[in-house]
Amino acid sequence: MTRIPEQGGTAQREDPADELLRSFGRQFKIFREKAGLTQAEAGQQLGYGEALIAAVEQGRRIARPELIELADEVLDAGGVLLARKKEVSRARYPAFFRDAARIEEEAAEFHAYATLAVPGLLQTEEYARTMFTVRRPRRTDAEIEQLVAARLARHAIFDRKPAPTLSFVIEEVVLQRPFGGVQVLRGQLEQLLLVWDNPHVEIQVMPTRVTDHAGVDGPFTLMTPKDGEQVGYMESQGNGRVITDRETVRGFAVRYGILRAQALSPRESRCHIEKLLQGEL
């Protein structure tokens, strides 16, 4: 008789980020007490409420980067808190995405093929919030706000120096699906046109009626770390994995090149989106 593996074992494990946040909270508390401040006094000097300071110290809330920067200065932490800013910031991401986020932060190249939604790096705040809201089972408002903040923080990639090379191939149907309503979609399409002004970014639309399509295996991402080898990333149903096997990654790269050739050119793609905005969505 075939045994079916029990479900839920992985879900019950503690997220490694939980201990990270508790550790950071303990450090935060040590420096606060060394500065001779109560939680209320520290909150007043930092511009946050006493409850939030308490939650950060207990590891129940993720300190925002700006809070960590200010706290390091106000509490005279000598760079100790600041040194943990990146790892604390990554705790905002789902556990399955953290390895990919680490690579993305320093990638020299980023290429994505999207089939269901606008890629996260291109999403507006309203569109991102909608994507996290419509998922089932439903998340709490606090979880949604944390995920939205984490997604928007990824947009810092566009301000990096030297600028990375980014490209996106997006299925045409994605640009017509009104997640969150027509106004949310319209704002998202307008955002794509704004991103187009970045000389390091290229966006292409894959027509729905194309008859020869190299993307039948689904969406994927390619990233090339600075001074490193290209890797792939796949995500589905709340799970994601970074792929380093050279032959598999090479296959992704070949497939992505063909997808770009099959899609509308960047100029044609821009015209297509402009027509969508001019017509009835």
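Look a little higher up for the structure.
Residues numbered from 1 in each chain as written. Predicted model: local features only at pLDDT ≥ 70, side-chain atom pairs only at ≥ 80, totals over all residues. Heavy atoms only, no water.

Details of the overall build of the protein
Next, step 1: On a plain count of helices and strands, the protein comes out with twelve helices and six strands.
Next, step 2: Oriented by its inertia axes, the alpha-carbon framework of the protein measures out at about 70 × 60 × 40 Å.
Next, step 3: Out of the 281 residues in the protein, the part that is buried amounts to 42%.
Next, step 4: The long-range share in the protein, meaning contacts at least 24 apart out of those at least 6 apart in sequence, stands at 71%.
Next, step 5: When the accessible surface of the protein is totalled, it reaches about 15900 Å², and 50% of it is carbon and sulfur.
Next, step 6: Taking the 38 positively charged and 41 negatively charged side chains of the protein as two groups, their mean positions are separated by 2 Å. (Helix = DSSP H or I, 4+ residues; strand = E, 2+ residues; numbered from the N terminus. Buried < 20%, exposed > 50% of the residue type's maximum accessible area, 1.4 Å probe, protein only. Contact = heavy atoms within 4.5 Å. Areas by Shrake-Rupley, 256 points an atom, 1.4 Å probe, with all protein chains shown as cover. Lys, Arg positive; Asp, Glu negative; His and termini not counted. Charge placed at Lys NZ, Arg CZ, Asp CG, Glu CD.)

Concerning the environment of Q188
Next, step 1: One can find Q188 in helix α10 (residues 182–196).
Next, step 2: Separated by 46 residues in the primary sequence, Q188 and M234 place their C-alpha atoms 23 Å from one another.
Next, step 3: If we skip the residues at most four places from it in the chain, Q188 touches V118, L122, Q123, T124 and Y127.
Next, step 4: One polar contact links the side chain of Q188 to the main-chain carbonyl oxygen of L122, over a distance of 2.8 Å. (Polar contact = N/O pair within 3.5 Å; in protein donor to acceptor, adjacent residues only side chain to side chain.)

A short note on helix α9 (residues 141–153)
Next, step 1: Here α9 spans 18 Å end to end across 13 residues, near enough to the 18 Å set by a 1.5 Å rise per residue.
Next, step 2: All of the buried residues in α9 are I144, L147, V148, A149, A150 and R151.
Next, step 3: Packing partners of the buried residues in α9 comprise α8 (125–134). (Expected span 1.5 Å × (residues − 1).)

Regarding the pairing of strand β3 (residues 201–206)
Next, step 1: β3 sits mainly inside the fold: five of its six residues count as buried.
Next, step 2: Following the backbone out of strand β2 (residues 165–171), through α10 and into the adjacent parallel β3, one traces a crossover that is right-handed. (Right-handed = clockwise from strand over helix to strand, strands pointing away.)

Geometry only, nothing functional implied.
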